[in-house]
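# Chains, contacts and geometry: an overview
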Amino acid sequence: MTHDSAALTLSDEVAESLETGRPVVALESTIISHGLPRPRNLQAAREFEAILREQGVTPATVAVLDGVARIGLDDEGVRRIAEEDLAKASVRDLPILAARGASGATTVAATAHLAAKAGIRVFATGGLGGVHRGASETFDESADLTTLAVTPITVVSAGVKSVLDIAATLERLETWSVPVIGLGTTIFPSFWLRESEFTLDWAVDTAEQVADVMAAHDALGHRQGIVVANPIPADQAWDRAEHDAVLQTAFAEAEQHGIRGKAVTPFLLGRIVELSGGRSLEVNLDLARNNVRVAGRIATAWSTRSAS
Ligand code: PSU
Ligand code: MN
């Protein structure tokens, strides 16, 4: 069976799950190719998929391979996103990769865009991209935000990394009318830490309540994404003092080396892993696994609701 349209190819498993109303969760590939070091990244990509399968949820890892936007990868595809030096592909790169038959790992923006086009409603990532510090001069704001303004998908994220300007990121999400809901908390998490100094207006306690918001959002005809902010459990969070010290050094180095634009996020993530002796990586993996699990529950609640 083929599920090709001009722009997208769904794996058989993903196509069948969507057709029969079974739960599906999209997973991004940039976190694998640029966000986590090799060889741990391959193991992580497989683990994220396995967590969903254990919940009876179909994983749809998204990437562009040889010009084809793939929704759901086979073993070889997962290996490629972990081991090849792929381009970091945001939404604007998609037509270029397609026309050239080239490959790329999709960011939150590109993954959300493609997954929503395929009819997937729930997506798990580590941390959302956002407004970078100094953006009032550099204009560096992730397309993750503008894409969520026009893309109907629920993204589970551990907030945004403390390397970003969190206040500005939350302001932009407000401007674009993207709902932000804390899961069990009104404190916006900051990726490796459970907290930030910013609070949210709304919290829910269960996946079913997230599905209720999704249904109401649809009923109102809203077409934005929804951000579910899922803090890392307290016993898995990074020590704040170490976190602050490592980030300060990584920032200073990015500045010294003149790192700019789309290279900033991968540079900082890589240096933070090195400077923390791998501690930040463990936290990153824990929070991502946690988000995948929660996304699985939301997708299950959503498919149950849609079936009734
Ligand atoms: N957060 C992570 N790891 C990552 C990213 C975010 O914990 O690898 C990636 C995501 O793919 C996100 C992208 O979409 O970084 C944002 O990059 P930029 O700031 O250049 O838009
Ligand atoms: Mn950027």
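Residues numbered from 1 in each chain as written. Chains lettered and ligands numbered in written order. Predicted model: local features only at pLDDT ≥ 70, side-chain atom pairs only at ≥ 80, totals over all residues. Heavy atoms only, no water.

### A short note on the pairing of strand 2 (residues 24–27)
Looking along a regular strand, one sees side chains alternate from face to face of the sheet. Burial along strand 2 is two-sided: the face carrying Val-24 and Ala-26 and the face carrying Val-25 and Leu-27 are both buried. For strand 2 and strand 3 (residues 58–65), the ladder comprises four bridges, and the chain directions are parallel. Its bridge partner being in strand 3, Val-25 is matched across the sheet by Pro-59. Alignment of strand 2 against strand 7 (residues 122–124), held across two bridges, turns out to be parallel. When the sheet's bridge partners are listed, Ala-26 is paired in strand 7 with Phe-123. (Buried < 20%, exposed > 50% of the residue type's maximum accessible area, 1.4 Å probe, protein only. Helix = DSSP H or I, 4+ residues; strand = E, 2+ residues; numbered from the N terminus. Pairing = 2+ DSSP bridges.)

### Let's talk about helix 6 (residues 108–118)
Most of helix 6 is tucked away: eight of the eleven residues are buried. For helix 6, the full list of buried residues reads Val-108, Ala-109, Ala-110, Thr-111, Ala-112, Leu-114, Ala-115 and Ala-118. Sitting at the head of helix 6, Thr-107 places a side-chain oxygen 3.2 Å from the backbone nitrogen of Ala-109. Of the residues trailing helix 6, Gly-119 is marked for its positive phi of about 95 degrees. (Polar contact = N/O pair within 3.5 Å; in protein donor to acceptor, adjacent residues only side chain to side chain.)

### Overview of helix 9 (residues 166–175)
Buried within helix 9 we find Ile-166, Thr-169, Leu-170 and Leu-173. Along helix 9, the residues classed as buried sweep out an arc of 95 degrees about the axis, all on the same side. Residues Glu-174 and Thr-175 are exposed on helix 9 and point more than 90 degrees away from its buried face. Buried residues in helix 9 make contact with helix 8 (143–148) and strand 9 (180–183). Between the side-chain oxygen of the N-cap and the backbone nitrogen of Ala-167 there are 3.4 Å, and the N-cap of helix 9 in question is Asp-165. (Arc of directions from axis to C-beta. Contact = heavy atoms within 4.5 Å.)

### Examining the nonpolar core
Within the largest apolar cluster, 60 residues are counted, with the highest numbers of intra-cluster contacts made by Ile-71, Trp-192 and Ile-272. With six residues, the top contributor of residues to this core is helix 6. Composition of this core by domain shows at least three residues from each of domain 1 (1–120) and domain 2 (121–308). The contacts of Ile-272, once residues within four sequence positions are left out, are Val-163, Trp-192, Trp-238, Val-246, Leu-247, Ala-250 and Ser-280. Formed by 43 residues, the second largest nonpolar core is a distinct cluster that contains Ile-31, Leu-36, Leu-65 and Val-204. (Core = buried A, V, L, I, M, F, W, Y, C linked by side-chain atoms within 4.5 Å. Domains from an automatic or database assignment.)

### Digging into the domain arrangement of the protein chain
Assigned domains of the protein chain: these are domain 1 (1–120) and domain 2 (121–308). With 35 residues of domain 1 at the interface, the matching set in domain 2 holds 31 residues. When domain 1 packs against domain 2, close to 2,500 Å² is buried across both sides, 68% of that on carbon and sulfur atoms. Inspection of the region where domain 1 meets domain 2 yields one salt bridge. Note that Arg-289 is salt-bridged to Glu-47, the shortest N-O span being 2.4 Å. Applying the counting rule to domain 1 against domain 2 returns seven residue pairs in polar contact (both at pLDDT 80 or more). Residue assignment for the side of domain 1 that touches domain 2 shows that the elements contributing at least two residues are strand 2, helix 2 (30–35), helix 3 (40–54) and helix 6. (Buried area = accessible area lost by both parts, 1.4 Å probe. Salt bridge = Lys/Arg side-chain N within 4 Å of Asp/Glu carboxyl O.)

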